[in-house]
Amino acid sequence: MTADTLDLYVWLIEAIDSGPAREACREVMSADERQRADRFVFERHRHQFIYAHGMLRLALSEAAPDVAPSDWTFATGPHGRPFIAAPARPRALYFNLSHTEGCVACVVSGHEAVGVDVEELSPRRARMETAEGVFSRDEIASLQGLLPDEFVRGFFDYWTLKEAYLKARGVGLHLPLDRFSMQISPDGIGVSFDPEIDDDAGKWRFTQTSPSSLHRLSIADGSGVSGGLAIRTRALRHPWQGANG
């Protein structure tokens, strides 16, 4: 990893799901993470958690090969954002993690202000009533009059962008979703803020991609690096495949 890169890792659960895969991920998780996984009532949610946290540890060890995946320890900030607590590194590493029905994703960077959000394109969750409760006026206006399929896509375009921004800021829902507005155009993606929000729109870069036809993923880069961080989509060798896998 170089100073001005952001590494993106994505797993589609259907493509990797197996008993050996889940066990390999559980083996690198902490005892606390295993206990948290076991508390999920629904199996699919438990599997999402296991793959997401296994992926994160493997991805961090790709960036720092001298650290075994099981040796990372984490703590949380005042708004619940996790960060690396140990081992100490000569150059800091930062990450963000997201999982949804059928997909897990994480980003790793040397810059702190990075966020990722992936969501299943669920028509049940994409409702105008929800948009009117949390989106900005401009975002709501852009969704009005869209055909159902277009509305679902547009809804999650905005939702994932806004979530990725909040996660990059590390403030969770302490910053209201309707106080900043995403602008999506053929020329790119931008953001604007209500006057009371202390942020510089010029330093933010946003990227969107579709890991599958059923998912939408957004990345927020608030590093301020000229032109934005170079995003590298990385593959992880699955540990359950063995040396020749």
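Now for a description of the structure that goes with this document. Predicted model, so just to flag it, every value in this text is computed and none were measured.

Thresholds, definitions, all that
Residue numbers restart at each chain and count upward from 1, following the sequence in its written direction. In keeping with the predicted nature of the model, local features appear solely for residues at pLDDT of at least 70, side-chain atom pairs appear and are counted solely at 80 or more, and the whole-chain, interface and lining totals rest on all residues. Each side-chain value is worked out from all heavy atoms of the structure, with water and hydrogens disregarded. DSSP-based pairing: two strands are paired if at least 2 bridges between them are found. Numbering of helices and strands runs from the N terminus, with a helix taken as a DSSP run of H or I at least four residues long and a strand as a DSSP run of E at least two residues long. Simply put, an axis is a line fit to the C-alpha atoms, just over the touching stretch for a helix, and the angle between two N-to-C directions goes from 0 to 180 degrees. Should a side-chain nitrogen of Lys or Arg be within 4 Å of a carboxyl oxygen of Asp or Glu, the pair is scored as a salt bridge. Summary of the burial criterion: residues with accessible area below 20% of their type's maximum are buried, those above 50% are exposed, and those between are partly exposed, where the area comes from a 1.4 Å probe applied to protein chains only. Nonpolar cores are built from buried Ala, Val, Leu, Ile, Met, Phe, Trp, Tyr and Cys residues. Side-chain atoms within 4.5 Å join them into one set. Here, two residues are considered to be in contact whenever any of their heavy atoms come within 4.5 Å of each other. Ring geometry is summarised as follows: Phe, Tyr and Trp rings, the Trp one being its six-membered ring, pair when their centres sit within 6.5 Å, and such pairs are stacked at plane angles under 30 degrees, edge-to-face over 60 and tilted between the two. By the definition adopted for this analysis, an angle is roughly parallel if under 35 degrees, roughly antiparallel if over 145, roughly perpendicular if from 65 to 115, and oblique otherwise. All residues other than Ala, Val, Leu, Ile, Met, Phe, Trp, Tyr, Cys, Pro, Asp, Glu, Lys and Arg, Gly among them, are scored as polar; the first ten of these are nonpolar and the last four charged.

Here 4 strands make up an open sheet; going across it, the order is E4-E5-E1-E11 and the pairing mixed. One side of each edge strand has no neighbouring strand; the edge strands of this open sheet are strand E4 (94–100) and strand E11 (230–234). The mean angle between the axes of side-by-side strands here comes to 20 degrees, regardless of whether they run parallel or antiparallel. By the bridge criterion, 7 bridges tie strand E1 (residues 5–12) to strand E5 (residues 103–109) in an arrangement that is antiparallel.

For the rest of this paragraph, the subject is the pattern of salt bridges. Evaluation of the coordinates by the stated rule reveals 16 salt bridges. Residue Glu 101 pairs with Arg 44 through a salt bridge whose shortest N-O separation is 3.0 Å. Remark: Arg 44 occurs in helix H4 (residues 43–63) and Glu 101 occurs in the loop between E4 and E5; sequence separation between them is 57 residues. Judged by relative accessible area, Glu 101 falls into the partly exposed class, the value being 29%. One connected set of salt bridges, linked through shared partners, spans Asp 7, Arg 232 and Arg 234.

Another point: the sheet that holds strand E6 (residues 114–120). Here we have 3 strands laid out as an open sheet, ordered E6-E10-E9, and antiparallel in their pairing. Strand pairing shows two members of the sheet lacking a second neighbour, E6 and strand E9 (205–209), which therefore form its edges. Going from strand to strand, the sheet's axes swing by 15 degrees on average, the running direction of each strand aside. Taken together, the 7 bridges between E6 and strand E10 (residues 215–221) define a ladder with antiparallel strand orientation. Considered in E10, the bridge of Val 116 is made with Ile 219.

What follows is about unusual backbone geometry. In this chain, Ala 86 is followed by Pro 87 through a cis amide linkage whose omega measures 0 degrees. Positionally, Pro 87 belongs in the loop between strand E3 (82–86) and E4.

The next point concerns the nonpolar core. In this structure, Phe 135, Phe 155, Tyr 165, Phe 180, Trp 204 and Phe 206 are the most contacted members of the largest nonpolar core, which totals 29 residues. Residue assignment for this core shows that the elements contributing at least two residues are helix H6 (137–143), helix H7 (148–169), strand E7 (180–185) and strand E8 (188–193). With 11 residues, the single largest contributor to this core is H7. With residues near it in sequence (within four places) discarded, Phe 155 still touches Arg 125, Ala 126, Arg 127, Thr 130, Ala 131, Phe 135 and Leu 143. Listed in part, the 28 residues of the second largest apolar core include Ile 50, Ala 52, Ala 59 and Val 108.

For the rest of this paragraph, the subject is the packing of aromatic side chains. All told, the structure shown has 13 aromatic pairs when counted by the stated rule. Pairing Phe 40 with Phe 49 gives two aromatic rings, centres 5.5 Å apart and planes at 50 degrees, and the pair type is tilted. Residue classification places Phe 40 among the partly exposed positions, given a relative accessible area of 29%. Ring geometry for Phe 135 against Trp 159: centres 6.3 Å apart, planes inclined by 50 degrees, an arrangement best described as tilted. Here Trp 159 lies in helix H7 and Phe 135 lies in the loop between helix H5 (128–134) and H6, a separation of 24 residues in the sequence. This pair shows no difference in class: Phe 135 is buried, exactly as Trp 159 is. A network of ring pairs unites the aromatic residues Phe 135, Phe 151, Phe 155, Phe 156, Tyr 158 and Trp 159 as a single cluster.

Further remarks concern the packing of helix H3 (residues 31–38) against H4. Direction vectors running N to C along H3 and H4 enclose 160 degrees, while the axes themselves pass 8 Å from each other. Judged on the interaxial angle alone, H4 and H3 are roughly antiparallel. Only Arg 46, Phe 49, Ile 50, His 53 and Arg 57 of H4 make contact with H3, whose side of the interface consists of Glu 33, Arg 36, Ala 37 and Asp 38. Residue classes in the contact of H3 with H4 are distributed as 3 nonpolar, 1 polar and 5 charged.

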